[in-house]
Amino acid sequence: MELVEVYKQIILEIKNNLKYYQNDDINFIFNENDNSKFKFLSSDKETQDKNTFKSNDNNLSKESKMDKINAQVMRCKKCSLYKIRNNTVLGEGSLNSEIMFIGEGPGENEDLTGRPFVGKAGELLVKIIENVLKLKREDVYMANIVKCRPPGNRNPNDLEVSACINYLHEQIKIINPKIIVPLGSVALSRLLPRYNGITKNRGREMKLILSREDIYDVIPTYHPSYLLRGSQSEINKKKREVWEDIKKIMKKLNMLI
Ligand code: SF4
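Residues numbered from 1 in each chain as written. Predicted model: local features only at pLDDT ≥ 70, side-chain atom pairs only at ≥ 80, totals over all residues. Heavy atoms only, no water.

Undergrad: Account for the packing of helix 3 (residues 62–74) against helix 6 (residues 158–175), naming residues and giving values.
TA: Following both chains from N to C, one finds helix 3 and helix 6 inclined at 170°, their axes separated by 10 Å at the closest point. Compared by their axis directions, helix 3 and helix 6 come out roughly antiparallel. In contact with K62, K65, M66, I69, Q72 and V73 of helix 3, helix 6 contributes Y167, E170, Q171, I174 and I175. Looking at the contact of helix 3 with helix 6 residue by residue, the classes come out as six nonpolar, two polar and three charged. (Axes fitted to C-alpha atoms, helices over the stretch in contact; angles between N-to-C directions. Helix = DSSP H or I, 4+ residues; strand = E, 2+ residues; numbered from the N terminus. Parallel < 35°, antiparallel > 145°, perpendicular 65-115°, else oblique. Contact = heavy atoms within 4.5 Å. Nonpolar A, V, L, I, M, F, W, Y, C, P; charged D, E, K, R; others polar.)

Following this line, the structure appears as structure tokens:
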């Protein structure tokens with residue numbers, strides 16, 4: 001790609017992101033449910049989708065709301081990741097789940113299948129869900145910070161996250177979980193930017209505040225792929241730490257330990 005094209009792409013993405021920040025600010029300052037005050041800002045299909053979602057959502061079922069977000073994500077071009085995706089990966093699981101696991105973004109298997117957490121790390125997460133939490137995969141909800149795979153499984157960058165994070169926020173509001181579990185430092189710092197580093201923050205109780213009415217408990221833990229790395233003694237140590245975090249999560253959910 002020529003340099004001028006790269007600059008054009010960057011300027012376009014910055015413009016897009018400024019527009020969404022603008023809407024978010026106005027959305028927060030005015031009453032969230034009164035879209036009439038900021039509708040004049042809508043100038044393209046994606047912004048109109050966003051406002052339509054907010055203005056009509058009260059009468060929709062959880063399934064319909066999630067379908068609506070999925071339709072938006074499937075045609076989304078708000079960041080350049082859309083160009084290389086095979087599939088978007090919105091999320092999967094029970095919309096009535098009390099617990100929501102959040103990773104950083106789809107990997108290769110997720111991109112190919114359109115499903116979150118289906119690789120080796122996903123298998124380990126499912127083992128934790130089944131053997132420790134005594135739940136099934138379909139009982140919980142799993143999603144990611146970004147919905148399209150970053151190339152080479154790199155971490156999503158600032159532009160990609162700021163373009164995409166609103167989809168996750170809407171998913172959280174629909175599911176209304178009792179506890180959100182960011183998996184790994186990227187998911188944690190992208191969800192709650194003031195917390196940097198998973199080793200020092202895992203197991204801590206935090207709050208995610210999306211609006212005056214939408215406040216959620218958060219307890220982060222390691223990403224399952226991190227659990228698979230290192231010597232056996234390191235792996236055992238990390239597994240013990242995850243067990244400690246899971247016990248806190250179970251206590252929050254009033255589950256028997
Ligand atoms: S990562 Fe998110 S913002 Fe970027 S194209 Fe995919 S759905 Fe859209």
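The rest of the description comes next.
Undergrad: Give me the site of the ligand: which residues, what numbers.
TA: Surrounding the ligand, one finds V73, C76, K78, C79, L81, Y82, R85, K147, C148, A163, C164 and Y167. Per-element accounting of the shell around the ligand gives the leading share, three residues, to helix 6. Class assignment for the residues of the shell around the ligand results in nine nonpolar, no polar and three charged. (Near = heavy atom within 4 Å.)

Undergrad: Just give me the short version of the pattern of salt bridges, but keep the residues and values in it.
TA: Across all of its chains, the model carries 13 salt bridges by this definition. Across the salt bridge formed by D158 and R190, the nearest N and O atoms sit 2.9 Å from each other. In this pair, D158 is assigned in helix 6 and R190 in helix 7 (residues 185–191), connecting sequence segments 32 residues apart. Taking the shortest distance from any N to any O, the salt bridge between K173 and E170 comes out at 4.0 Å. Of the two residues, K173 and E170 are both situated in helix 6; the distance of three residues between them amounts to about one turn of the helix. According to the relative accessible area criterion, K173 is partly exposed, its value standing at 21%. Through salt bridges with shared partners, a single network forms among R202, K237, E241 and D245. (Salt bridge = Lys/Arg side-chain N within 4 Å of Asp/Glu carboxyl O. Buried < 20%, exposed > 50% of the residue type's maximum accessible area, 1.4 Å probe, protein only.)

Undergrad: Which residues make up the environment of K238, and what values do they have?
TA: Assignment of secondary structure puts K238 in helix 10 (residues 232–252). Judged by its relative accessible area of 9%, K238 falls in the buried class. Linking K238 and P224, residues 14 residues apart in sequence, is a C-alpha distance of 9.9 Å. With near-sequence residues (within four places) excluded, K238 lies in contact with Y222, Y226, L227 and R229. Within the structure, K238 has its side chain in polar contact with the backbone oxygen of R229 (distance 2.8 Å). (Polar contact = N/O pair within 3.5 Å; in protein donor to acceptor, adjacent residues only side chain to side chain.)

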